[in-house]
Amino acid sequence: MNGFSKDNYIIDQDYFGEYLYRTIKSSRNGCGWIAVYNLKHYLFGETDFDCIRKEMDTMHKIRMPGPTKMTIMRKYFKKYIPNFKEYHGRQKVIDIAKKSSAGIFRYYEEKIPHFVFFCKQDGNMYRFMNVNDGLEDFYSKIDDFAKSHFMFGTYILLVI
């Protein structure tokens with residue numbers, strides 16, 4: 001299966017159409033569980049993406065299409081990554097992300113709620129995955145990423 005980087009991160013949700021999440025294809029709606037998979041892969045190494053997808057899918061009480069709810073992200077994190085912290089507000093999430101080794105941004109990408117995993121590289125460069133077409137796996141400074149992607153709406157950061 002394509003959609004994975006050479007180091008086994010999921011970088012392109014377009015390849016996950018055969019996996020349903022919240023009753024629709026993950027290629028259209030999988031960014032939440034994919035960001036969680038990438039964070040768990042970063043923290044713990046080899047991780048089963050389909051177990052994460054299935055568990056997060058069943059955590060939603062109502063079986064209907066829709067984005068991953070923050071209540072589900074919090075519930076999943078409390079179970080598997082209990083030392084996480086959550087931050088809100090554009091400038092706050094930028095400032096905290098610049099001090100973090102890895103995390104997940106929740107923001108609006110092209111007017112759609114989106115979750116994106118990132119991890120620190122050398123210096124002040126970060127690796128971002130599954131952002132949008134053409135930006136499946138790339139490196140950027142946090143400030144530059146925010147200038148290009150934080151256009152409106154709410155901004156949430158989940159970090160360890």
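This text gives an overview of the structure that appears in the document. (Residues numbered from 1 in each chain as written. Predicted model: local features only at pLDDT ≥ 70, side-chain atom pairs only at ≥ 80, totals over all residues. Heavy atoms only, no water.)

## Some details on the sheet that holds strand E4 (residues 102-109)
Inclusion rule: We treat two strands as partners when DSSP finds at least two bridges between them. A run of DSSP states H or I qualifies as a helix once it reaches four residues; a run of E qualifies as a strand once it reaches two. Both are numbered from the N-terminal end. Interaxial angle, 0 to 180 degrees, is taken between N-to-C directions of lines fitted to C-alpha atoms, where a helix line uses only the stretch in contact.
Read across the sheet, six strands follow the order E3-E8-E4-E5-E6-E7 without closing on themselves; strand pairing throughout is antiparallel. Every interior strand has two partners, whereas the edge strands, strand E3 (85-88) and strand E7 (135-140), have only one. Strand-to-strand twist in this sheet, taken as the mean axis angle between neighbours without regard to direction, amounts to 25°. With four bridges joining them, strand E5 (residues 112-120) and strand E6 (residues 126-132) adopt antiparallel strand pairing.

## Concerning the environment of Leu157
Operational definition: Contacts are residue-level and defined by heavy atoms, with any inter-residue pair within 4.5 Å sufficient.
Inspection of the secondary structure puts Leu157 in strand E8 (residues 156-159). Separated by 104 residues in sequence, Leu157 and Arg53 have C-alpha atoms that sit 20 Å apart. Excluding residues that lie within four positions of it along the chain, Leu157 makes contacts with Lys85, Glu86, Tyr87, Val93, Ile96, Ala97, Ile104, Phe105 and Phe118.

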